[in-house]
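Here is what each chain is made of, one letter per residue.
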Amino acid sequence: MKGRAWSVLAALAVVFVTAIVVLGLGTVQTASGKPPVAAGSGCGLANGIKHVIQIQFDNTHFLRDRGNVPSDLEQMPHLLNFIRGNGTLLTNDHTVLISHTASGILSTLTGVYPDRMGQPVSNSFRYFTPTGSTNLGVAFAYWTAPLYDPGPFGNTTFPPPTQTDFTPEMINEHGVVAPAPWVPWTRAGCDVGQVATANTVLENTGIDIPTFFGPTSPEAIQAQGDSPGSSATQTFADYVGIGVHCAQGSALCAAGHSKSDLLPDEPRGYNGFDALMGARNVDPVIKPTGPMTDLDNHVIKDQNNHIGFPGFDGMTATVSLSWVEQMQKAGIPVTYAYISDAHDGHGTSGNIHFAYAPGEAGYVQQLHDYDTAFQQFFERLAADGINKSNTLFLFTVDEGDHFAGSQPNNPTCDGVTVACDYTGKPVGEINADLRRMVKTQFGDNTAFTVHSDDAPTVYITGQPSQTAPVTRTLEREISRLSGLNPYTGQQQNDIMVALADQTEMKTLHMVTADPMRTPTFTPFADPDWFFFATGGATPTLCTAPPPAAPCITIPPRGPSSFAWNHGDIQDEIASTWAGYVGPGVRNLGDDNNIWTDHTDHRPTVLTLAGLKDDYQTDGRAVTQIANESALPVSLRVHHPWLERLGESYKQLTAPFGSFGMYTLLVSTRALSSNDAGDATYTSLEGQIRDLTVQRDALVAEIRDGLYQAQTGTNLSEHQINDWIVRADDLLAQAQALASS
């Protein structure tokens, strides 16, 4: 997973300790016994929709990771059959770049690519300081917070004294806070519940609590005295991970300890709205009879027995779904939730991270538990009168994975009836020190940092331009990087499979309005590999004897192990899925023909609900899954041509669309070239830039047209056909350039 908590831990080498509990604030408050709030009649949605439930998994697969072992979804038949039997399962869905939890969830929530919401490199990233060095940034922070820099190890001051970039965490293309995803719902009179959903809830006790509650609030004072910035504390359990954004006049917010829901940069303004943040404030309102329990009636606690939010790795299906069901039952009609992955053993609410291999007993058991939770969830919702006749469901995932590991000792195992046995076999990512490998193979001492990953974005100290000699030299060296692969025992000469500099990163929607976050370039590696970079003026050679650490290793399996790689461009990482059920949704079962990505799901859900954003999304409403009667008239006019336009549009603009993948091939050839005067590089980069300028101009036209069609304006057939012809022409030009 390399998820929320573990990405920060790896970056900071944090050792968790049991936190101090502030006197008088150590347990979740119980309410005065007020009955649950009735579902508000003010929540007006189309197509008879009374409830919306959107659930996004971490790293949960439709496709099999081993041929004999049923996939994650196959091992959750109650969920899979619910989707197949009642709606449409889109199996040709895609994530964004870089494909990690934060960017995947945030692009789904907003309907825009990372260049328009600030998080192309996640779950952590680097940012340049004015001196040319880099600091750590974390992709998980509350929507209106400034960039979250956790500071050096042991820091307890937020923002830390070393922080130099205070641009918005969720920075959009205009340099301000991106529009918040709950706004259309609350403006329509709907309360919106958030269960561990990225950046719509408080994510940390460092910057988020003072951002939302105020720097001198009792909550901020509590956080400051309770290991600020650390998880598994009472403050973390009290205020992180759970939230409700309320409609104006919401009885639920009036009954709780709500605060103003401030969105100063929101289009058309956003005044008079409140929100409840944290289990301490939400749980007494939605469950006044006592603390929250999971679907098996266990009190939800973290690894240190703090009642409340258990941490993001603790958000298993039985925990997340229980909160969703309780929110819906309490009258919160729109709920979003995150469910942690099943392929890692998280111990007690995330106190360990043990990577399972496909078909291992622990992995299969967790999927069985998830399946049981979905059975309970659907049964409880039905008992509450919440079902496919009145509820729009969306189930999806943040990104795919590549399993880095050996074959099992019993290769015919299926996991379900015969557990797969990996005893004595290496399982895990190939960890490699990129800086020491460059030094050893090329004698290059260039100082640089990376976002550790199988797509290790590179930040050269001094922030040189993409055409600077130091940049071009390092790009060529990394393109030729080789190493002894511990799995094969052979020298591998093709470790880096693609490279993108800032020109191509712009094409792939990886360049934001904050230039300090833009990497110098991004190599994409063989997905078995995971790269980090040591510091220092002169890196140690890989040939140095002990006590120098080896440059390339597969760490032994243990309580902090990783075997599921993502961030990269391979099909198993790029490919995701999305399942729709509910009013207006056709029962197509599995559909592998409709090409979609994360940004398409927001306009699809809003269109079915009869709502719209105050901005144009990068996605389009996937009308193929909808009954025609459920769509506005403007989407029924020239229906086949609009769908054809949507197909060309996605191939033109999506990071994993044809245009982006063609230009990435060209970029790789350009960055690895080394001829006189850098002529090949200059020519190819210029052609990528020119094509991207044309692409962006046409995409802006089509995006505006699709937004108009989704919100009630009829488009002419002539205009639609003109856009299709121009889009297909640009796709052909990109293909020709890649093939030349």
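Before going into details, it helps to say that this report is about the structure given with it. (Residues numbered from 1 in each chain as written. Predicted model: local features only at pLDDT ≥ 70, side-chain atom pairs only at ≥ 80, totals over all residues. Heavy atoms only, no water.)

### Quick word on the overall build of the protein
Phase 1: A tally of helices and strands in the protein yields 21 helices and 25 strands.
Phase 2: Whereas a compact globule of 740 residues would reach a radius of gyration of roughly 27 Å, the protein reaches 25 Å, a difference of no more than 12%.
Phase 3: Overall, the protein is about 75 × 65 × 55 Å in size when its C-alpha atoms are taken along their principal axes.
Phase 4: Residue burial in the protein is summarised as follows: out of 740 residues, 63% are buried.
Phase 5: Across the protein, contacts joining residues at least 24 apart in sequence account for 76% of those joining residues at least 6 apart.
Phase 6: Per element, the accessible surface of the protein, about 24700 Å² overall, is 54% carbon and sulfur. (Helix = DSSP H or I, 4+ residues; strand = E, 2+ residues; numbered from the N terminus. Rg over C-alpha atoms; globule rule 2.2 N^0.38 Å. Buried < 20%, exposed > 50% of the residue type's maximum accessible area, 1.4 Å probe, protein only. Contact = heavy atoms within 4.5 Å. Areas by Shrake-Rupley, 256 points an atom, 1.4 Å probe, with all protein chains shown as cover.)

### Description of the sheet that holds strand β9 (residues 334-339)
Phase 1: If you trace the 10 strands from one edge of the open sheet to the other, you get β7-β8-β6-β5-β9-β1-β12-β24-β2-β25, paired in mixed fashion. Looking at which strands have only one partner, the edges of the open sheet turn out to be β7 (259-260) and β25 (589-591).
Phase 2: Examined bridge by bridge, strand β1 (residues 51-57) and β9 share six bridges and lie parallel to one another. Paired with Q54 across the strands is Y336, a residue of β9. (Pairing = 2+ DSSP bridges.)

### Some details on the pairing of strand β6 (residues 242-245)
Phase 1: Neither face of β6 is exposed, since I242 and V244 on one face and G243 and H245 on the opposite face are all buried.
Phase 2: With four bridges connecting them, strand β5 (residues 192-195) and β6 associate as antiparallel partners. Counted as the bridge partner of G193 is V244 from β6.
Phase 3: Pairing geometry for β6 and strand β8 (residues 274-277), over three bridges, is antiparallel. Looking at β8, one finds that G243 is bridged to M277.

### Remarks on the nonpolar core
Phase 1: Grouped together as the largest cluster of nonpolar side chains are 180 residues, with contacts concentrated most on W185, W323, F374, F377, F395, L434 and F531.
Phase 2: Discounting chain neighbours no more than four positions away, the residues touching F531 are A432, L434, M437, V450, S452, D453, P456, L481, I495, M496 and A525.
Phase 3: Counting residues in each nonpolar core, the second largest holds 23 residues, with V96, F125, A500 and M510 among its members. (Core = buried A, V, L, I, M, F, W, Y, C linked by side-chain atoms within 4.5 Å.)

### Notes on helix α3 (residues 101-110)
Phase 1: In terms of residue burial, α3 counts as a mostly covered element, since 10 of its 10 residues are buried.
Phase 2: Taken as a whole, α3 has its buried residues at T101, A102, S103, G104, I105, L106, S107, T108, L109 and T110.
Phase 3: Trailing α3 by a residue or two, G111 shows a phi angle of about 75°, which is positive.

### Quick notes on the sheet that holds strand β22 (residues 552-553)
Backbone hydrogen bonds hold the strands of a sheet together, and the pairing may be parallel or antiparallel.
Phase 1: Strand order in the open sheet formed by three strands is β21-β14-β22, and the pairing between neighbours is mixed. Strand pairing shows two members of the sheet lacking a second neighbour, β21 (529-532) and β22, which therefore form its edges.
Phase 2: Where strand β14 (residues 430-433) lies against β22, two bridges are found, and the strand directions are antiparallel. Following the sheet pairing, A432 is matched in β22 by I552.
Phase 3: Lying on the sheet, helix α12 (residues 434-442) is in contact with β14, β21 and β22; it crosses β14 at an angle near 60°. (Axes fitted to C-alpha atoms, helices over the stretch in contact; angles between N-to-C directions.)

### Focus: the packing of aromatic side chains
Phase 1: Overall, the coordinates contain 28 aromatic pairs when judged by the stated rule.
Phase 2: Each ring, one from Y148 and one from F158, has its centre 6.2 Å from the other, and the planes form 40°; the classification is tilted. Of this pair, Y148 sits in the loop between β4 (134-138) and α4 (183-187) while F158 sits in the loop between β4 and α4, and the two are 10 residues apart along the sequence. Each member of the pair Y148 and F158 is classed as buried.
Phase 3: Relative to F393, the ring of F378 has its centre 6.4 Å away and its plane inclined at 80°; by these criteria the two rings are edge-to-face. A residue pair is termed long-range when its members are at least 10 positions apart, and F378 in helix α11 (residues 361-383) and F393 in strand β12 (residues 391-397) qualify at 15 residues.
Phase 4: You can call F378 buried: its relative accessible area is 13%.
Phase 5: Ring pairing ties together the aromatic residues F57, F82, F374, F377, F378, F393, F395 and W577, which thus form one cluster.
Phase 6: Its guanidinium or amino end placed over the ring of Y681, R472 lies 4.0 Å from that ring's centre, counting from NZ or CZ. (Phe/Tyr/Trp six-rings, centres within 6.5 Å; stacked < 30°, edge-to-face > 60°. Lys NZ or Arg CZ within 6 Å of the ring centre and 35° of its normal.)

### Overview of the environment of A232
Phase 1: Structurally, A232 can be placed in the loop between α6 (218-224) and α7 (234-239).
Phase 2: The sequence separation of A232 and D302 amounts to 70 residues, and the corresponding C-alpha distance is 6.1 Å.

### Remarks on the state of the cysteines
Phase 1: According to the stated counting rule, one finds four disulfides in the structure shown.
Phase 2: Note that C246 is cross-linked by a disulfide to C253, the S-S spacing being 2.1 Å. As the torsion about the S-S bond is roughly 85°, the C246-C253 disulfide counts as right-handed.
Phase 3: C246 sits in the buried class, given a relative accessible area of 0%.
Phase 4: In this model C542 forms its disulfide with C551; the gap between the sulfur atoms is 2.0 Å. Because the sign of the S-S torsion sets the handedness, a value of about -90° for the bond joining C542 and C551 places this disulfide among the left-handed ones.
Phase 5: Relative accessible area serves as the criterion here: at 4%, C551 is assigned to the buried category.
Phase 6: In the protein, numbering the disulfide-bonded cysteines from first to last in sequence yields the connectivity 1-2, 3-4, 5-6, 7-8. (Disulfide = S-S within 2.5 Å.)

### Details of the packing of helix α18 (residues 639-653) against helix α20 (residues 679-710)
Phase 1: The geometry of α18 relative to α20 is characterised by a closest axis approach of 11 Å and an angle of 145° between their N-to-C directions. As for the relative orientation of α18 and α20, their crossing is left-handed in sense. Within the contact between the two elements, α18 uses L642, L645, Y649, L652 and T653 and α20 uses R695, L698, V699, I702, R703 and L706.
Phase 2: Looking at the contact of α18 with α20 residue by residue, the class counts come to eight nonpolar, one polar and two charged. (Left-handed = near helix turned anticlockwise from the far one by under 90°. Nonpolar A, V, L, I, M, F, W, Y, C, P; charged D, E, K, R; others polar.)

### Things to note about the packing of α18 against helix α21 (residues 717-739)
Phase 1: Between α18 and α21, the least distance of the axes is 9 Å, while the angle of their chain directions is 30°. The angle between α18 and α21 falls in the class roughly parallel. Of the two possible hands of crossing, α18 and α21 adopt the one that is left-handed. Taking contact as the criterion, the partners of W641, L642, R644, L645, S648, Q651 and L652 in α18 are, on α21, E717, I720, N721, W723, I724, A727, D728, L730 and L731.
Phase 2: The class makeup of the residues in the contact of α18 with α21 is 10 nonpolar, three polar and three charged. (Parallel < 35°, antiparallel > 145°, perpendicular 65-115°, else oblique.)

### Quick look at the environment of P515
Phase 1: Summarising the element assignment, P515 is placed in the loop between α14 (502-507) and β20 (521-525).
Phase 2: In the structure, P515 is positioned 387 residues away from F128 in sequence and 8.5 Å away in space, judged by C-alpha atoms.

### Some thoughts on the pattern of salt bridges
Phase 1: Taken as a whole and assessed by the stated rule, the structure comprises 22 salt bridges.
Phase 2: With its nearest N and O atoms 3.1 Å apart, the salt bridge here joins E173 to R116. Placement of the pair is E173 in the loop between β4 and α4 and R116 in the loop between α3 and β3 (124-128), with a sequence separation of 57 residues.
Phase 3: Residue classification places E173 among the partly exposed residues on the basis of a relative accessible area of 37%.
Phase 4: In the salt-bridge network here, residues are joined through shared partners; they are R116, E173, D618 and R703. (Salt bridge = Lys/Arg side-chain N within 4 Å of Asp/Glu carboxyl O.)

### Re helix α2 (residues 77-86)
Think of an α-helix as turning once every 3.6 residues; residues three or four places apart then point the same way.
Phase 1: Within the span of α2, buried status applies to L79, L80, F82 and I83. One face of α2 carries all of its buried residues, which in axial projection span an arc of 160°.
Phase 2: Here the buried face of α2 lies against β1, β2 (87-94), α11, β12 and β24 (575-581). (Arc of directions from axis to C-beta.)

Remember that the coordinates give geometry; whether it matters functionally is a separate question.
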